[in-house]
Amino acid sequence: MIDLTTRNPALQPEQLTRDLTPSQRYGQVRLSTYTPNPAYPSQEQARTAVQVFLKGAQVRPGGFRLFRRSKPEGRGLYLDGGFGVGKTHLLASAYHAAQGERAIMSFQDLMYIIGALGMTRAVDAFRQHDLLLIDEFELDDPGNTHMANTFLGQLMPGGTSVIATSNTEPGALGQGRFNASDFQRQIQGIADRFDTWRIDGPDYRQRGVRPEDTLTSAEYDTWEARQNPATLARLTHRDLSRHLLLVHPSRFGRLLEGVQAVAITDLTPMPDQNVALRFVHFIDKLYDLGLSAAFTGTSLTGLFSDTYRHGAYAKKYSRCLSRLSEMLQEARQP
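Residues numbered from 1 in each chain as written. Predicted model: local features only at pLDDT ≥ 70, side-chain atom pairs only at ≥ 80, totals over all residues. Heavy atoms only, no water.

Participant: Describe in detail helix H5 (residues 142-155), supporting the description with residues and values.
Facilitator: With 14 residues, H5 extends 20 Å from end C-alpha to end C-alpha; this agrees with the ideal 20 Å at 1.5 Å per step. Those residues of H5 that sit buried are Asn144, Thr145, Ala148, Asn149, Phe151, Leu152 and Leu155. In a view along the axis of H5, the buried residues occupy a sector of 170°, so they form one face of it. Relative to its buried face, H5 has exposed residues pointing more than 90 degrees away, namely Pro142 and His146. (Helix = DSSP H or I, 4+ residues; strand = E, 2+ residues; numbered from the N terminus. Expected span 1.5 Å × (residues − 1). Buried < 20%, exposed > 50% of the residue type's maximum accessible area, 1.4 Å probe, protein only. Arc of directions from axis to C-beta.)

As structure tokens, this is what we get:
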């Protein structure tokens with residue numbers, strides 16, 4: 001069994017820009033495998049918008065030739081919607097459909113890259129890219145938004161196009177409010193380069209599972225019996241939280257190298273927001289890597305303080321609960 005607490009991986013700044021490809025969970029998705037909910041026409045419209053955006057390039061056998069050099073300035077597409085409506089599926093599908101130099105990353109990954117390399121070196125690292133795909137663009141931190149605005153403002157005039165996604169809080173969706181106007185206001189320098197599309201619909205991850213359902217002892221035993229002990233990492237929530245304080249979030253992927261399944265036992269509420277945010281980033285990495293995962297302990301609804309779930313980082317926590325629910329559903333499947 002793998003002991004994650006003995007690992008403290010090193011990572012050179014330049015390594016952050018390598019292997020920016022769709023994660024294992026999204027390795028096989030395609031635009032053709034995206035299944036729009038017929039009750040929400042905006043989902044089919046969003047897929048069409050991605051197809052049209054990519055076809056703004058010269059078509060050639062075998063795929064798309066990205067962005068004709070006769071139109072050197074890059075363009076942008078922004079997909080906005082709630083959790084679990086398929087935005088990341090569409091983003092990864094765009095990566096697979098496109099040709100040319102391209103990279104896919106989360107907004108948080110982009111922030112780590114800019115922080116590690118500095119703005120000038122980060123821009124230089126992507127200057128030759130035809131397409132950047134940025135998932136979960138965050139508007140809740142003015143400093144990070146300003147950095148992203150500066151970064152894209154230097155790349156897009158030179159021919160790099162961008163597709164970005166962002167999450168709208170479920171409560172805001174109920175009010176008919178999306179983030180597209182916020183996005184365009186925050187990126188004023190490049191807003192006119194982006195077309196914005198909203199995607200309606202319920203969170204597909206919540207189908208058939210309640211967010212408070214962590215595994216019972218019997219369910220956990222059944223799950224663990226299916227795992228290979230040589231690639232299983234098991235630790236308590238308390239030990240994980242302590243260890244994550246010693247590992248920068250940019251290294252979480254390296255921390256999980258060689259791991260195929262992770263068990264986090266004895267979940268407990270997290271009153272410290274620094275601890276809670278690192279846990280959220282760790283769950284994001286688990287989910288993106290497509291690892292099997294199991295959780296026992298307190299109900300998910302009790303993990304995060306209500307002050308966090310309705311504060312500046314509300315979207316992070318809501319997304320985390322949504323992803324935990326999906327992984328729990330997967331853990332229960334034979």
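Participant: Describe the sheet that holds strand S5 (residues 131-135), listing the residues and the values that go with them.
Facilitator: Read across the sheet, five strands follow the order S4-S5-S6-S3-S7 without closing on themselves; strand pairing throughout is parallel. The sheet is open, and its two edges are formed by strand S4 (102-106) and strand S7 (194-199), each paired on a single side. The average undirected angle you get between the axes of adjacent strands in this sheet is 15°. As paired strands, S5 and strand S6 (residues 161-167) are joined by four bridges and run parallel to one another. Considered in S6, the bridge of leucine 132 is made with valine 162. (Pairing = 2+ DSSP bridges. Axes fitted to C-alpha atoms, helices over the stretch in contact; angles between N-to-C directions.)

Participant: Break down the environment of leucine 232 for me, with residues and values.
Facilitator: Inspection of the secondary structure puts leucine 232 in strand S8 (residues 232-236). What makes leucine 232 buried here is its relative accessible area of 2%. Through-space distance from the C-alpha of leucine 232 to that of isoleucine 2 is 5.8 Å; in sequence the pair is 230 residues apart. Ignoring any residue separated from it by four or fewer positions in sequence, one finds leucine 232 in contact with Met1, Ile2, Trp223, Glu224, Gln227, Ala261, Val262 and Ala263. (Contact = heavy atoms within 4.5 Å.)

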